[in-house]
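Now for the letters of each chain:
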Amino acid sequence: MTTTTRQRPAAIILTPAAETRVANLMADAPADAIGVKLSTPRRGCSGLAYSVDYVSQANPLDEKIETPGGLFFIDSASVLYLIGSTMDWQEDDFTAGFVFQNPNAKGSCGCGESFTV
C-alpha cells in the first residue's frame with residue numbers, strides 16, 4: 001500500500017503585485033535577511049494588526065512560501081487568523097501599502113490598521 005502526501009495550499013495568496021513588492025524589499029534587504037515575515041501582533045483599536053518585517057533566520061514552525069523574489073514567512077501564531085486571505089500591494093498618489101482581504105476578520109477599525117477575529 002502506498003500513501004501519497006498531497007501538497008497543502010499556502011495559508012494566504014499573494015497577488016502578483018505583492019510578490020513584486022516582496023522582491024523589491026528583498027533587493028533592498030539588510031545583508032542578513034533571508035526573507036520577509038507576516039505576523040499579527042496585538043495592537044490597534046480592534047486587537048490585531050498586520051506587520052511585515054525582515055527575518056534573518058527561519059523558524060521551523062512558521063509557514064514558508066517561496067515567491068519569485070524571495071522567501072515569505074507567516075508567523076506560526078498568526079496562521080489561523082490568516083487562512084484563506086489574499087495579500088495585495090496597492091499604491092496611489094497618497095498611500096502605498098499591503099492590503100489584506102481576510103475572510104476570518106469579523107471587524108476592523110475605522111482606519112483599517114487593525115482587525116478582530
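Please read all numbers here as calculations on a predicted model, not as lab measurements.

(A) Structural detail: the packing of aromatic side chains. Under the criterion given, the structure shown has 2 aromatic pairs. Between Tyr50 and Phe100 the ring centres are 3.9 Å apart and the planes differ by 10°, which places this aromatic pair in the stacked class. Remark: Phe100 occurs in strand β8 (residues 96-101) and Tyr50 occurs in the loop between β3 (48-49) and β4 (51-55); sequence separation between them is 50 residues. The same class applies to Tyr50 as to Phe100, namely buried. Above the plane of the ring of Trp89 lies Arg21, whose end atom (NZ or CZ) is 4.5 Å from the centre.

(B) Structural context of the sheet that holds β4. Taken in spatial order, the 4 strands of this open sheet run β4-β2-β6-β5, and their pairing is mixed. The sheet terminates laterally at β4 and β5 (63-67), the two strands that pair on one side only. Neighbour-to-neighbour, the strand axes of the sheet open up by a mean angle of 25°, direction not taken into account. Inspection of the sheet shows β5 paired to strand β6 (residues 70-74) by 5 bridges, in the antiparallel sense.

(C) Structural detail: the side chain of Asp75. Residue position: Asp75 is located in the loop between β6 and α2 (79-82). By relative accessible area, Asp75 is classed as buried at 16%. Setting aside residues no more than four positions away along its own chain, Asp75 makes contact with Lys37, Leu38, Ser39 and Asp62.

(D) Main features of the nonpolar core. Counting residues in each nonpolar core, the largest one holds 17 residues, and the members touching the most others are Ile12, Leu14, Leu38, Phe72, Ile74 and Met87. Contributions of two or more residues to this core are made by β1 (12-14), α1 (16-27), β2 (35-39), β6 and α2. The element best represented in this core is α1, accounting for 4 residues. If near-sequence neighbours (up to four positions away) are discounted, Ile74 is found in contact with Ala11, Ile12, Leu38, Asp62, Glu63, Ile65, Val79 and Leu82.

So, how was this worked out
- Counting starts from 1 at the beginning of each chain's written sequence and moves along it residue by residue.
- pLDDT decides what is reported in this predicted model: residues at 70 or higher carry local features, side-chain atom pairs at 80 or more are listed and counted, and totals for whole chains, interfaces and linings draw on all residues regardless.
- The basis for every side-chain value is the complete set of heavy atoms in the structure, and neither hydrogens nor water enter the calculation.
- Pairing of aromatic rings covers Phe, Tyr and Trp, the last counted by its six-membered ring, and requires centre-to-centre distances within 6.5 Å; plane angles under 30 degrees mean stacked, over 60 mean edge-to-face, and any other angle means tilted.
- Helical segments are the DSSP runs of H or I of at least four residues, strand segments are the runs of E of at least two, and each set is numbered from the N terminus.
- Accessibility here uses a 1.4 Å probe with only protein chains present; expressed as a share of the type maximum, an area under 20% marks a residue as buried, one over 50% as exposed, and anything in between as partly exposed.
- Comment: the charge-over-ring label is applied if NZ (Lys) or CZ (Arg) is within 6 Å of the ring centre and within 35 degrees of the ring normal.
- Pairing between strands is defined by DSSP: at least two bridges between them are needed.
- Only C-alpha atoms enter the line fits that serve as axes; for helices the fit covers just the stretch in contact. Angles between N-to-C directions range over 0 to 180 degrees.
- The contact criterion used throughout is that any non-hydrogen atoms of two residues lie within 4.5 Å.
- Definition of nonpolar core: a set of buried residues of the types Ala, Val, Leu, Ile, Met, Phe, Trp, Tyr and Cys, connected through side-chain atoms within 4.5 Å.

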